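Observations on the three-dimensional arrangement
Listed below, chain by chain, are the residues.
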Amino acid sequence: MKIDLKKIIFFSMATIIFILIRQQSHFTEPNYKNIEIISYNLVNKHGYSVEILNLGGIISSIKTPDRSGVFKDITLGFTSPKQYLDEHPYFGAIVGRFANRIANGKFELEGKEYILAQNNGPNHLHGGALGFDNVYWEVDTLENKNGIQLSYISADGEEGYPGNLSVTVTYILTDDNTLKVKYEAQTDKTTVINLTQHSYFNLSGDFSKQILDHELQLFADSYLPVDNTQIPTGSIQLVADSPFDFRARKEIGKDIDIKNNQLEIGKGYDHCWVLNNTKKDLVKAASVYHPQSGRMMDVYTDQPGIQLYTGNFLDDTLPSKTQGTYGPRSAFCLETQHFPNSPNVSDFPTTILKPGEIFTSETHFKFSVN
Ligand code: GLA
């Protein structure tokens, strides 16, 4: 057999070049754990402050005074930013590309089926395995220094979603003690979008206490009942005569342990309320009052829904910022958003974003003392 030296040399060189390119691309893959986590602190003229990380756009602290002027951190999270690199239940994070659940991790858009991570039982939750809560955002300080703008480009196909999506989230802390969160996004292919802020609040500032004594009012006449896997059944249920009625201010704990199939599924409240806001204006959606400290928080949004989650799955495994661990119901979340599973329910307000359109949404958290 004749040995073709030229061919052998050619194939050996090609193999070496291929290995080198592979290694090169391996080394240039982003190693998130090595990017520096930077924290930004917004302080207003009354001393209210909000701390935000470039990792996940996480709000790592919000400090507000009680009625005697004592400032305390009222959001769950960790003392060291590095702890947010380990798994945690979306503490303070920006959640996307699609907040909340998508049934069976699938949806159809313009005749094509998209498959997403099933990271919550059979369902897709909060954007998947590496959602917006996990990525590093580029941060710019606003000109008048009262806020920051975070930007992120979610690549076409990231977590299974179509289209390069460019997203900005702006956090502004005003001198009237309001934290404004503004979202904007554009895509180059038709996609779905649902963005929220996943802060966990305990207005007492003492995380060893449960939030059942906080008084809540929700400006919603109905809510979305869910199936056993926490996907909305599709029906819109009036809250009247049910534990879901927060139309008048009521303690969160008042009805939370009532025998009720919906409360059993969520181990408490973990449902989306349908806001009485048909015009898409920025309106008051919720109001929370902690009688002992006097701290109050009003939530305004232009979104159609708000998910009340009462920290039911916190299980004393994560270390608290103060002392001990975070237990069940040691915080509540009020996640302003579109309805869960919207991409699969044509009756729900649309979450489709097309090229050329600009997605905008805004939520305000206004803090006060009463
Ligand atoms: C959301 C969900 C909850 C839970 C938390 C994170 O609010 O609705 O079921 O997954 O996030 O733990």
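Overview of the structure. (Residues numbered from 1 in each chain as written. Predicted model: local features only at pLDDT ≥ 70, side-chain atom pairs only at ≥ 80, totals over all residues. Heavy atoms only, no water.)

Looking at the sheet that holds strand 11 (residues 147-154)
Taking strand neighbours across the sheet as the criterion, the 9 strands line up as 10-11-12-13-26-22-21-16-19 in an open arrangement whose pairing is antiparallel. Looking along the sheet, the strands with just one partner apiece sit at the ends: strand 10 (138-141) and strand 19 (250-251). (Pairing = 2+ DSSP bridges. Helix = DSSP H or I, 4+ residues; strand = E, 2+ residues; numbered from the N terminus.)

Topic: the pairing of strand 10
Strand direction decides the pairing type here: strand 10 and strand 11, joined by 4 bridges, are antiparallel. Bridging from a neighbouring strand, Asp140 pairs with Gln149 of strand 11. In sequence, strand 10 turns back onto strand 11 through a hairpin of 5 residues, with Lys145 there showing a positive phi of about 65 degrees.

Points about the pattern of salt bridges
Under the criterion given, the structure shown has 11 salt bridges. For Arg249, the salt bridge goes to Glu215, with nearest N and O atoms at 3.1 Å. Of this pair, Arg249 sits in the loop between strand 18 (237-238) and strand 19 while Glu215 sits in strand 16 (residues 215-218), and the two are 34 residues apart along the sequence. Note that Lys259 and Glu264 form a salt bridge whose closest N and O atoms lie 3.2 Å from each other. When its relative accessible area of 74% is taken as the criterion, Lys259 is described as exposed. (Salt bridge = Lys/Arg side-chain N within 4 Å of Asp/Glu carboxyl O. Buried < 20%, exposed > 50% of the residue type's maximum accessible area, 1.4 Å probe, protein only.)

Regarding the site of the ligand
Arg101, His126, His198, Asp270 and Glu335 are the nearest of the 13 residues found near the ligand. Here an oxygen atom of the ligand and a side-chain polar atom of His126 are 3.0 Å apart. Contacts to the ligand include His198, whose side-chain N or O atom sits 3.0 Å from an oxygen atom. Considered on its own, the ligand offers 300 Å² of accessible surface; in the complex 93% of this is hidden by protein. A per-class count over the shell around the ligand returns 6 nonpolar, 4 polar and 3 charged. (Near = heavy atom within 4 Å. Polar contact = N/O pair within 3.5 Å; in protein donor to acceptor, adjacent residues only side chain to side chain. Areas by Shrake-Rupley, 256 points an atom, 1.4 Å probe, with all protein chains shown as cover. Nonpolar A, V, L, I, M, F, W, Y, C, P; charged D, E, K, R; others polar.)

Details of the environment of Tyr289
Take Tyr289: it is sitting in strand 21 (residues 283-289). The exposure class of Tyr289 is buried, given its relative accessible area of 11%. Once residues lying within four places of it in the same chain are set aside, the contact partners of Tyr289 are Arg67, Asp213, His214, Glu215, Arg249, Gly294, Arg295, Met296 and Asn370. Of note is the side chain of Tyr289, whose polar atom sits 3.2 Å from the side chain of Arg67. (Contact = heavy atoms within 4.5 Å.)

Some remarks on the sheet that holds strand 24 (residues 333-337)
Within a sheet, each strand pairs with its neighbour through backbone hydrogen bonds, oriented either parallel or antiparallel. Within the open sheet, the 5 strands sit side by side as 18-17-20-23-24. Their pairing is antiparallel. Whereas interior strands pair on both sides, the edge strands pair on one side only; in this sheet they are strand 18 and strand 24. The sheet contact formed by strand 17 (residues 220-224) and strand 20 (residues 270-275) spans 4 bridges and is antiparallel. Within strand 20, the residue paired with Ser222 across the bridge is Val274.

Keep in mind these values describe shape, not function.
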